[in-house]
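A look at the structure
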Amino acid sequence: MKDELSIGEVSTRSGVAPSALRFYERRGLIESSRTDGNQRRYERAVLRRLAFIQAGRAAGISLERIGRALERLPSGRTPNRRDWERLSNRWREDLDARIETLQALRERLTTCIGCGCLSIDRCELLNPDDEAAGLGGGAHYLRQDGPRAN
């Protein structure tokens, strides 16, 4: 088994597009060396780092936080299970809080959009104290640009 992989081999093995590999490299999340012909070569350890990046992204972790976590790993060494547990445990609190928020949103969502206007007086999620009534009819808080007066 060869020690270095081409960008195509890393892409095939990891399922990450070559453009994403170059992006991750520019962001400092992964490293490559160059051949005499200026082609990228990656150490095998990059496959584990990419798996870590993909797992973090799937969990909704920002690339900035993933990068800070990866900085704690020695370069050139394949991250192991203990590394993953140590790094991912730092995210557990954030994930638990987001799960709790999403569950609360799911439970309250039907009462908030039941009338379709989000202006009902008992909407605890987006319209406490019927603040949207002053904006006129319509689902003001569902618009991407937020509430606006008519």
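Residues numbered from 1 in each chain as written. Predicted model: local features only at pLDDT ≥ 70, side-chain atom pairs only at ≥ 80, totals over all residues. Heavy atoms only, no water.

1. A few points about the overall build of the chain
For the record, the criterion: Note on conventions: DSSP H or I runs of at least 4 residues are helices, E runs of at least 2 residues are strands, and numbering of each starts at the N terminus. The buried label goes to any residue with under 20% of its type's maximum accessible area, the exposed label to any with over 50%, and the partly exposed label to all in between, with areas taken from a 1.4 Å probe on protein chains only. Here, Shrake-Rupley sampling with a 1.4 Å probe gives the accessible areas, and only protein chains in the shown set may cover a residue.
When helices and strands are tallied, the chain shows five helices and three strands. The order of helices and strands in the chain, counted from the N terminus, is β-α-α-β-β-α-α-α. The burial tally for the chain puts 29% of its 150 residues in the buried class. For the chain, the exposed area adds up to about 10,000 Å²; of that, 47% sits on carbon and sulfur atoms.

2. Quick word on helix H2 (residues 18-26)
The condition is simple: Our arc is simply the arc of the directions from the helix axis toward the C-beta atoms. We call two residues in contact when some of their heavy atoms are within 4.5 Å.
For H2, the complete set of buried residues consists of Leu-21, Tyr-24 and Glu-25. Seen from one end, H2 has its buried residues packed into an arc of 100°, which puts them on one side. Those residues of H2 that are buried lie in contact with helix H1 (7-14), strand E3 (40-43), helix H3 (46-58) and helix H4 (63-70). Positioned one or two residues after H2, Gly-28 has a phi angle of 80°, which is positive.

3. Points about H4
Those residues of H4 that sit buried are Leu-63, Ile-66, Gly-67, Ala-69 and Leu-70. End-on, the buried residues of H4 take up no more than an arc of 160°, which puts them together on one face.

4. Comments concerning the nonpolar core
Cut-off, in case you're wondering: Here, the term nonpolar core denotes a set of buried Ala, Val, Leu, Ile, Met, Phe, Trp, Tyr and Cys residues that are joined through side-chain atoms within 4.5 Å.
Counting residues in each nonpolar core, the largest one holds 22 residues, and the members touching the most others are Val-10, Leu-21, Tyr-24, Ile-30, Leu-50, Ile-53 and Ile-66. The leading source of residues in this core is H3, at five residues. In this view, Tyr-24 contacts Val-16, Leu-29, Ile-30, Leu-50, Ile-53 and Leu-63; residues no more than four positions away in its chain are not counted.

5. Here we look at the packing of aromatic side chains
Put simply, the test is: Ring pairs shown here join Phe, Tyr and Trp side chains whose ring centres sit within 6.5 Å, with only the six-membered ring taken for Trp; geometry is labelled stacked below 30 degrees between planes, edge-to-face above 60, and tilted in between.
One pass over the structure, following the stated rule, counts four aromatic pairs. Look at Phe-52 and Trp-91: their rings are 5.2 Å apart centre to centre, the planes differ by 35°, and that puts the pair in the tilted class. Highlighted residues: Phe-52 in helix H3 and Trp-91 in helix H5 (residues 81-113), separated in sequence by 39 residues. No difference in accessibility class separates Phe-52 from Trp-91, as the two residues are buried. Through successive ring pairs, a cluster of aromatic residues spans Phe-52, Trp-84 and Trp-91.

6. Things to note about the sheet that holds E3
Put simply, the rule is: The rule for pairing is simple: two strands pair if DSSP sees at least two bridges between them.
Read across the open sheet, the three strands follow the order E1-E3-E2; overall the sheet is antiparallel. Every interior strand has two partners, whereas the edge strands, strand E1 (4-6) and strand E2 (33-34), have only one. Note that E1 and E3 share three bridges and pair antiparallel. By the bridge assignment, Leu-5 is partnered in E3 with Tyr-42.

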